[in-house]
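# What the coordinates show
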Amino acid sequence: MKRINILLISLRNYTRLPARQLITCDLSRSLSHTERFPPTYRSFGTLSTMSRTGGSKDEMIEKEKNKFLSMPLEQKRSLYKAPYVLLQAVQTWEDYFAKAKERLRKQWSDVTCQMSLLKIASDSGTPTRKDESGKSYAVNPELNKKVSLWAGNITHLEIDAIVNAANSRLLGGGGVDGAIHAAAGPALKAECATLNGCVVGDAKITGGYLLPAKHVIHTVGPQDGNGNHLESCYKTCLRLLTKHHLRSVAFPCISTGIYGFPPEGAAHIALRTVREFLEKNPQSVDRVIFCLFLPTDLNIYENLMQVYFPVEDLKTNL
Ligand code: AR6
């Protein structure tokens, strides 16, 4: 009983919930929660008692970050809060297309889809699909193996890095930011607090802590629909990825939620920036995953993939 009381008090300190709410918690869940957040994590949660364990706050954060980065995978997996998804389980765009090509060809041949999303040009005699600026992209089988459309929760991906659509304070928020901080645990916020925020269009990297992903790249999207700033988010995230020798990354649809960027325009920018980065740096990354949480975003990306990552020549399928 004494142990249970200690657990409840500890949990109350961590969650700052009233005791009555905690008592209604399932105890087996409380126990595993306490195991996941040992005393050092509770001090991360309050950000006030860091020095108690000795060493500076920064040293303690660095130590915790490295603990998770060097932890044996099986041990780390036992701490995850949700199911995890391996990179191998995320189909490449090439495989995705092969499995869904009948449906996709039908979807793509839909007149409305072609008129609203794509510019079909046949001025040279060969029909091509062009992006918003009139550029067309060649079929490139190597690049089609490096990108993926994946519908799901980004916090489940066990890959090198996931991107967070954060705000400039980098201290958590709603949407995907909230989901990432909830799954990573309070140590993520403690590390973020040392970064002095982040300006729009820039990105900063942290550890992933209790997330299946090793790292989180936090970027701040525009709130005013500025496409250059959104492009800069994708570019700086990709630059950080390669700077840290990371090989796989997943992007949410930055700025298209609470920040209100029109999803179709944002998808053009995301796909074009990634295509151009991969063309210039084909060996630097193994996989870029577009994580699509909403069915409407999946539909937009499926349609635009034929422009930025074409799998077959249009002339054979028009
Ligand atoms: N996994 C993948 N994608 C998700 C998830 C998830 N778990 N949850 C939401 N999305 P938003 P923003 C998608 O609003 O527009 C926060 O408060 C969502 O459907 O998270 O850049 C920050 O602190 C949408 O497609 O980010 C900032 O204050 C996409 O993620 C502000 O929101 C982005 O939606 C940033 O706004």
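Within every chain, residues take consecutive numbers counted from 1 along the sequence as written. With pLDDT at 70 or above as the cut-off, local features in this predicted model cover only qualifying residues; side-chain atom pairs require 80 or more to be listed or tallied, and sums for whole chains, interfaces and linings still use all residues. Side-chain numbers come from the whole structure's heavy atoms, not from hydrogens or water.

Moving on, we come to the site of the ligand. Proximity is defined per residue: any heavy atom of the residue falling within 4 Å of a molecule or strand makes that residue near it. Around the ligand lies a shell of 23 residues, among which Asn-167, Gly-174, Val-176, Asp-177 and Ile-258 are the nearest. Residue Gly-257 places a main-chain N or O atom 2.8 Å away from an oxygen atom belonging to the ligand. Coverage of the ligand by the protein chains reaches 91% of its 700 Å² of free accessible surface. Applying the majority rule of atoms within 2 Å of the grid points places the ligand in the largest pocket. Each helix corresponds to a stretch of at least 4 residues labelled H or I by DSSP, and each strand to a stretch of at least 2 residues labelled E; elements are numbered beginning at the N terminus. At the level of elements, β6 (161-166) and α10 (175-184) are the ones that each hand at least two residues to the shell around the ligand. Contacts described as polar in this section are N or O atom pairs within 3.5 Å, which, within protein, must combine one atom able to donate a hydrogen with one able to accept it, while residues neighboring in sequence count only if both atoms come from side chains. The protein chains shown are the only cover counted for residues, whose accessible areas, like all others here, come from Shrake-Rupley with a 1.4 Å probe. The pocket and cavity definitions rest on a 1 Å grid over protein atoms only: a 1.4 Å probe that fits but cannot leave marks a cavity, an open set with protein on both sides within 12 Å along at least five of seven lines marks a pocket, and residues lining either have an atom within 4 Å of a point. Assignment of a molecule to a cavity or pocket requires that more than half of its atoms lie within 2 Å of the corresponding grid points.

Before going further, it helps to spend a moment on the pairing of strand β4 (residues 147-151). We call a residue buried when its accessible area falls under 20% of the maximum for its residue type, exposed when it is over 50%, and partly exposed in between, using a 1.4 Å probe and counting protein chains only. For β4, the buried fraction is high: four of the five residues fall into the buried class. What makes two strands pair is DSSP finding at least two bridges between them. Examined bridge by bridge, β4 and strand β10 (residues 287-292) share five bridges and lie parallel to one another. Among the inter-strand pairings, Ser-148 is bridged to a residue of β10, identified as Ile-289.

Within the secondary structure, Ser-136 is located in the loop between β3 (128-130) and α9 (141-144). Given the relative accessible area of 35%, Ser-136 is considered partly exposed.

A few words now on the layout of surface pockets. Grid points are joined across faces, edges and corners, and a volume is the space filled by probe spheres set on the points. By volume, the largest pocket is sized at about 580 Å³. Listing elements by their share of the lining of the largest pocket, those giving two or more residues are β6, α10 and α14 (295-308). Among the elements that make up the lining of the largest pocket, the one with the highest residue count is α10 (four residues). Its residues assigned to classes, the lining of the largest pocket shows 14 nonpolar, eleven polar and two charged. The classification used treats Ala, Val, Leu, Ile, Met, Phe, Trp, Tyr, Cys and Pro as nonpolar, Asp, Glu, Lys and Arg as charged, and all other residues, Gly among them, as polar.

The phi angle at Asn-196 is positive, at roughly 60 degrees, despite the residue not being glycine. By the element assignment, Asn-196 lies in the loop between α11 (186-192) and β7 (203-207). Note on Asn-196: relative accessible area 72%, which makes it exposed. For Tyr-209, which is not a glycine, the phi torsion comes out positive at approximately 50 degrees. Among the structural elements, Tyr-209 can be located in the loop between β7 and β8 (215-220). In this structure Tyr-209 comes out as buried when scored by relative accessible area, which is 2%.

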